[in-house]
Structures are given as C-alpha cells and as structure tokens.
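Listed below, chain by chain, are the residues.
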Protein chains: 2
Amino acid sequence: MEIKVLKNIMYANQKLADENREFFKQKNITAINIMASPGAGKTSTILKVIDALRNEVSISVIEGDIASSIDAEKIESLGIPVIQINTGGGCHLDANMIKTVVGDLKVSENSLLFIENVGNLVCPSTFDLGEGIKMVIASVPEGHDKPYKYISMFEGADVIILNKADLMPYIDFDRDSFYKGIRALNENVPVFEISCRTGEGIDELVKWLKDRLC
Amino acid sequence: MEIKVLKNIMYANQKLADENREFFKQKNITAINIMASPGAGKTSTILKVIDALRNEVSISVIEGDIASSIDAEKIESLGIPVIQINTGGGCHLDANMIKTVVGDLKVSENSLLFIENVGNLVCPSTFDLGEGIKMVIASVPEGHDKPYKYISMFEGADVIILNKADLMPYIDFDRDSFYKGIRALNENVPVFEISCRTGEGIDELVKWLKDRLC
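Please read these numbers as outputs of a predicted model, since none were measured by experiment.

Undergrad: Describe the overall build of chain A, with residues and values.
TA: For chain A, the helix and strand inventory stands at eight helices and seven strands. Here the C-alpha atoms of chain A give a radius of gyration of 17 Å, agreeing with the 17 Å that 2.2 N^0.38 yields for 214 residues. Dimensions of chain A, computed from C-alpha atoms along their principal axes, come out at roughly 50 × 45 × 30 Å. Counting every position in chain A, which comprises 214 residues, the buried fraction comes to 57%. When the accessible area of chain A is evaluated, it comes to approximately 9,200 Å², of which 49% is carbon and sulfur surface. One way to put it: in chain A the 23 positive side-chain charges average out to a point 3 Å from where the 31 negative ones average out.

As structure tokens, this is what we get:
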C-alpha cells in the first residue's frame, strides 16, 4: 500500500514536470537543477557563473531550502531575480513548487534559470522538476567515495562538478577512485574540477554551459 | 490524504522506536544515532572512538547507507561487530530496520552501539530509532550556515561535533555565526570541535561519551 501511494506521488510529479519542461522549451529557457550535499558549493557555483555570464544572457534563480533565505539574499545582492522556496521540512523540491513560482519570478525568454535544490544527495534525485540539465556538485572534503554510495544521484547527472579543488593538498582524496565510481554509473558525463574560492576551473565550466544554452 | 499516510508511518515508527529504547535500557546499551551530511566524517568519528574506548567497553556498529559496504568494511577490519543496512534508495534509517538487525548483531549487554545513519541532514532527524543519544556531525568545509538551514537536525541534537577543524585556516568559516545558529535552537547542547585527521579534540569527545555510558 505504501508503494501504491509513492507511485501516485511520482505520477503526479512527473505530469507537472513534463508541463514545466514544455514551458521552458517554448520560452527557450535553459533550466539547471543543481543538487549536492549541504555545503558542497551550490550557491557559490551559481554566483561564479552569474559573474561570468550575466552580460551575455539573462539569469534568474530559484533557491530551495528547508528554512532561511541566506542563499537568496546573496543572489539578490547582485541584482539577479531570485525566489526562495522554503520547503519547511521537505527534503527536496518538486515539480509543483517550480511551476508555482516560475510565474512570480517572471523568468524571461532565452534565459538561464538556476534551480538550487535542497542540500541532500538522496531525495532530490528522484523528483524530476522539468529541468534541461541535472548538475550534481560533489566537493573534495566530502571524500572520493560518494559516487559509490549515492548511486542514483551520480547516475542521473548530466554534468558533475568537483568543487573545493583547492583543498586537495590537505585531504586524502583518491581522484582515481572518484572517477572510477562515476564512470561505472555514467560513462560519458562531463566532470569539471573547480574551486569557487580560487576561481580555478570556472572558465571551462562556463564555456561548457554557454554551449548548452537553448 | 497524504498527511494521513505520513501520520500512520510516523506512528508505526514511534511504536517500534519505543520498543528499541526499552530493549537498549534493559540490556544497558548506550545507542548513539549519528547523523550528518555525506562525507562529514561519521565513520571517521566512530573509528576514532573505537580506537580510544575498545579496551574499556564492548562496541558494535550498525552502518546505514543507500548502497555499498565501504564503511562496514572499515569497521570490520578492526574486528568490531558490524552490520550494514543498505536502504536501497531510502534516505534514512527507521526503527524497524534497527529492530530487525539488532538481534543478528548480537549486541552485548553493557555496551556502546553506534548507529551510523544515511548521509543526509534532513530526513533522519524525524525518525526516532530508539537511540539514547542523537549525535549530529557538522564539518568545517560545509560552512557555518548549516544550523540556520537544517533546523530540525541541530534542534534535536544531544551532542554536536564540528569535524575537520584542521581545515579552518583554508576556509572562510565564521565560528561565531555557527555557534549563534546552534544556540538559537539548542541552548545547552555540548559542541566538540575535532579533527579525525589530526586527532585534535578527540580526547574531550571520548571523555564526554564515557561519562554517558549506561
């Protein structure tokens, strides 16, 4: 019976996600669903891309958090349109939340929309939001074993970021093991090693993103 | 209707958690539910405490992961009894899982039982396992804003660890803000700053744990 309820929830979510996807397609909006552990650098990555691309394309942001508007305030201080969704305990965004706020955010046509999911390597992976790109951010201090443990997340990624690369000298991070874990799940996914703190690797990521704009 | 289902699940979980709690009490078992983001250092902390306390008290471990037995193998290599629970997608342990495996693990009387939850700062906080101590591990690279975003987790903690303190010089971590966030939610919770890599702070944590053994 529990399985039946879960099926219904997933079906309802999928229907709304498909509607979001059609909306994004018609408006030429590249929507990126950013998923990661707490503190891996989701907002920092968004801020770096905003800095690099804001003169070339309209950007807007949906911030998902259980509580607080800390991240939205950082985005707003740059003059970028942003809406904060507080899930109030919910461990992931869903398609209905996105559908509800996209209108209020007045996302412009031919634009880039970042959707920062709740910090969580588990639940967000199973809820399609209608996005065009699933971006998963890992970070060096979390360790190289994450692809072995959070399979659904790394398996479904369209692009993987390894952030906090500047901390590599201070941490026992086995890069070969990290990549081996990813390749076993997701053979061709591009992986970018970056540091939002030092700026290393951001150019390559930005170039990749530019090539994917609708 | 969805809320009704959730209520039923929570009621069923609470009933089993109460049974686990009674079992632990009768056997004089100090059960610690360890919750944290992926890669914050749950297993590393357990390994450090095992190293410090194994000659003084019987220790056993339940490892919760969505997939893999990486963590259980680390524990087993020390000759400590361990059982791995793979939730297969589930984002948290629940009381029924603990009840099911505690028998197989043959946890001895007057012992210490670590229950390492799935790496997730959200969902585990709402599922009572019947544990005596809720331990929340944050880590410096995750940033100082975690208590503001993952309220339920920090609010419910009986002890908070701040791991990876050795990385403080390389990261913009605002210690005052971190503590302010915790104190707003949980006025008297003890907080231990440790580094599983360098060993700093472990002695104080171990001393605190020893005082809490049943």
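Undergrad: Run through the relation of the copies chain B and chain A, naming residues and quoting values.
TA: If you rotate chain B by 180 degrees and push it 0.0 Å along the axis, it lands on chain A with an RMSD of 0.0 Å. The two molecules are tied by a two-fold rotation axis, judged by turn and shift. Comparing contact sets, 97% of the residues at the interface of chain B also lie at the interface in chain A, consistent with an isologous, same-surface contact.

Undergrad: Lay out unusual backbone geometry with the relevant residues and their values.
TA: Residue and element names in this part refer to chain A. In this structure, K164 takes a positive phi of about 65 degrees despite not being glycine. When you line up the elements, K164 lands in the loop between β6 (159-163) and α7 (175-185). With relative accessibility at 14%, the residue K164 sits in the buried group.

Undergrad: Help me get a handle on the pattern of salt bridges, residues and values and all.
TA: In this structure the tally under the stated criterion is 27 salt bridges over all chains. Residue R197 of chain A is joined to D166 of chain A by a salt bridge in which the shortest nitrogen-to-oxygen separation is 3.5 Å. In this pair, R197 of chain A is assigned in the loop between β7 (191-193) and α8 (202-212) and D166 of chain A in the loop between β6 and α7, connecting sequence segments 31 residues apart. A network of salt bridges, in which partner residues are shared, links D145, K146 and K149 of chain A together with D71 and K74 of chain B.

Undergrad: Tell me about the nonpolar core, and please be specific about residues and values.
TA: Counting residues in hydrophobic clusters, the biggest one holds 49 residues, and the most contacted among them are F154 and I160 of chain A together with F154 and I160 of chain B. Listing elements by their share of this core, those giving two or more residues are β5 (133-139), α6 (151-155), β6 and α7 of chain A together with β5 (133-139), α6 (151-155), β6 (159-163) and α7 (175-185) of chain B.

Undergrad: So what's going on with the packing of aromatic side chains? Which residues, and what values?
TA: Going through the model one piece at a time under the given rule, you end up with nine aromatic pairs over all chains. Counting every residue linked through ring pairs, the aromatic cluster contains F173, F178 and Y179 of chain A.

Undergrad: A description of the side chain of N120 of chain A should follow, citing residues and the corresponding values.
TA: Secondary-structure assignment places N120 of chain A in the loop between β4 (111-116) and β5. Given the relative accessible area of 1%, N120 of chain A is considered buried. Side-chain polar atoms of N120 of chain A contact the backbone nitrogen of C123 of chain A, separated by 3.5 Å. Discounting chain neighbours no more than four positions away, the residues touching N120 of chain A are A36, S37, P38, C91 and M153 of chain A together with N120, V122 and C123 of chain B.

Undergrad: Now, about the sheet that holds strand β1 (residues 30-36) of chain B: what can you tell me, with residues and values included?
TA: Residues and elements named next belong to chain B. Here we have seven strands laid out as an open sheet, ordered β3-β2-β4-β1-β5-β6-β7, and parallel in their pairing. Strands with a single pairing partner mark the edges of an open sheet, and in this sheet they are β3 (82-86) and β7 (191-193). Averaged over neighbouring strand pairs, the angle between their axes works out to 20 degrees when direction is ignored. In terms of strand pairing, β6 meets β7 through three bridges, oriented parallel. When the sheet's bridge partners are listed, I161 is paired in β7 with F192.

Undergrad: If you had to explain the packing of helix α2 (residues 42-53) of chain A against α8 of chain A to someone new, which residues and values would you point to?
TA: Residue and element names in this part refer to chain A. Contact geometry for α2 and α8: axes closest at 10 Å, N-to-C directions at 70 degrees. As summarised for this structure, α2 and α8 are arranged roughly perpendicular, according to the angle between their axes. Residues T45, K48, V49, A52 and L53 of α2 pack against I202, L205, V206, L209 and K210 of α8.

Each value, and the rule that gives it
- Residues numbered from 1 in each chain as written.
- Chains lettered and ligands numbered in written order.
- Predicted model: local features only at pLDDT ≥ 70, side-chain atom pairs only at ≥ 80, totals over all residues.
- Heavy atoms only, no water.
- Helix = DSSP H or I, 4+ residues; strand = E, 2+ residues; numbered from the N terminus.
- Rg over C-alpha atoms; globule rule 2.2 N^0.38 Å.
- Buried < 20%, exposed > 50% of the residue type's maximum accessible area, 1.4 Å probe, protein only.
- Areas by Shrake-Rupley, 256 points an atom, 1.4 Å probe, with all protein chains shown as cover.
- Lys, Arg positive; Asp, Glu negative; His and termini not counted.
- Charge placed at Lys NZ, Arg CZ, Asp CG, Glu CD.
- Least-squares fit on C-alpha atoms with pLDDT ≥ 70 in both.
- Contact = heavy atoms within 4.5 Å.
- Salt bridge = Lys/Arg side-chain N within 4 Å of Asp/Glu carboxyl O.
- Core = buried A, V, L, I, M, F, W, Y, C linked by side-chain atoms within 4.5 Å.
- Phe/Tyr/Trp six-rings, centres within 6.5 Å; stacked < 30°, edge-to-face > 60°.
- Polar contact = N/O pair within 3.5 Å; in protein donor to acceptor, adjacent residues only side chain to side chain.
- Pairing = 2+ DSSP bridges.
- Axes fitted to C-alpha atoms, helices over the stretch in contact; angles between N-to-C directions.
- Parallel < 35°, antiparallel > 145°, perpendicular 65-115°, else oblique.

Everything listed here is a matter of coordinates, which is why it stays silent on function.
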